[in-house]
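The residues making up each chain are set out below.
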Amino acid sequence: MFYRKNLPAWERIARLVAAAAMGVCAARFWGTPVGYLWAVLAIPMALTSVVGFCPMCALAGRRIRAKSELQAQGPE
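Residues numbered from 1 in each chain as written. Predicted model: local features only at pLDDT ≥ 70, side-chain atom pairs only at ≥ 80, totals over all residues. Heavy atoms only, no water.

Q: Could you give an account of the pattern of salt bridges, naming the residues involved and the relevant values?
A: If you walk through the whole model with that rule in mind, you get 2 salt bridges. Residue Glu11 is joined to Arg62 by a salt bridge in which the shortest nitrogen-to-oxygen separation is 2.4 Å. Separated by 51 residues along the polypeptide, Glu11 in helix α1 (residues 9-28) and Arg62 in the loop between α3 (55-59) and α4 (67-73) bring together distant segments of the chain. (Salt bridge = Lys/Arg side-chain N within 4 Å of Asp/Glu carboxyl O. Helix = DSSP H or I, 4+ residues; strand = E, 2+ residues; numbered from the N terminus.)

Given below as structure tokens:
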């Protein structure tokens, strides 16, 4: 991979659940501007959840520490 995952597992699950809820809202209101908006918002949410990489989080400098970094740091 050319990128490093920056979303922890719990957040990936939460994003996927949120994207599913947004998809339900989009299906409910399909044919209206609100329905299209929910669909447009749900797609990148689901993609970042599946891939595990959020470009906006990367711009903010967010990253997940590797286990080797945590072990090298030792107990605090």
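This is not the end of the story, as more comes after the structure.
Q: Describe a nonpolar patch on the surface, and please don't skip the residues or the numbers.
A: Residues Phe29, Val34, Leu37, Trp38 and Leu41 make up a contiguous nonpolar surface patch of about 430 Å² in total accessible area. Inspection of the secondary structure puts Trp38 in helix α2 (residues 33-51). (Patch = residues over 30% accessible without salt bridge, like charges linked within 9 Å, V, L, I, M, F, W, Y side chains within 5 Å. Areas by Shrake-Rupley, 256 points an atom, 1.4 Å probe, with all protein chains shown as cover.)

Q: Run through the packing of aromatic side chains, naming residues and quoting values.
A: One pass over the full model with this rule turns up 1 aromatic pair. Ring geometry for Trp30 versus Tyr36: centroids 4.7 Å apart, planes at 85°, classification edge-to-face. Arg28 extends its terminal NZ or CZ atom over the ring of Phe29, reaching a point 5.2 Å from the ring centre. (Phe/Tyr/Trp six-rings, centres within 6.5 Å; stacked < 30°, edge-to-face > 60°. Lys NZ or Arg CZ within 6 Å of the ring centre and 35° of its normal.)

Q: Describe α1, listing the residues and the values that go with them.
A: Quick reminder: α-helices carry 3.6 residues per turn. Residues three or four places apart thus point the same way. Helix length check: α1, at 20 residues, gives a terminal C-alpha distance of 29 Å against a target of 28 Å (1.5 Å per residue), a fit within 8%. For α1, the full list of buried residues reads Glu11, Arg15, Ala19, Met22 and Ala26. An end-on view of α1 places all buried positions within 75° of arc, on one side of the element. Turned more than 90 degrees off the buried face of α1, the exposed positions are Ala9, Trp10, Ile13, Val17, Val24, Ala27 and Arg28. Buried residues in α1 make contact with α2 and α3. (Expected span 1.5 Å × (residues − 1). Buried < 20%, exposed > 50% of the residue type's maximum accessible area, 1.4 Å probe, protein only. Arc of directions from axis to C-beta. Contact = heavy atoms within 4.5 Å.)

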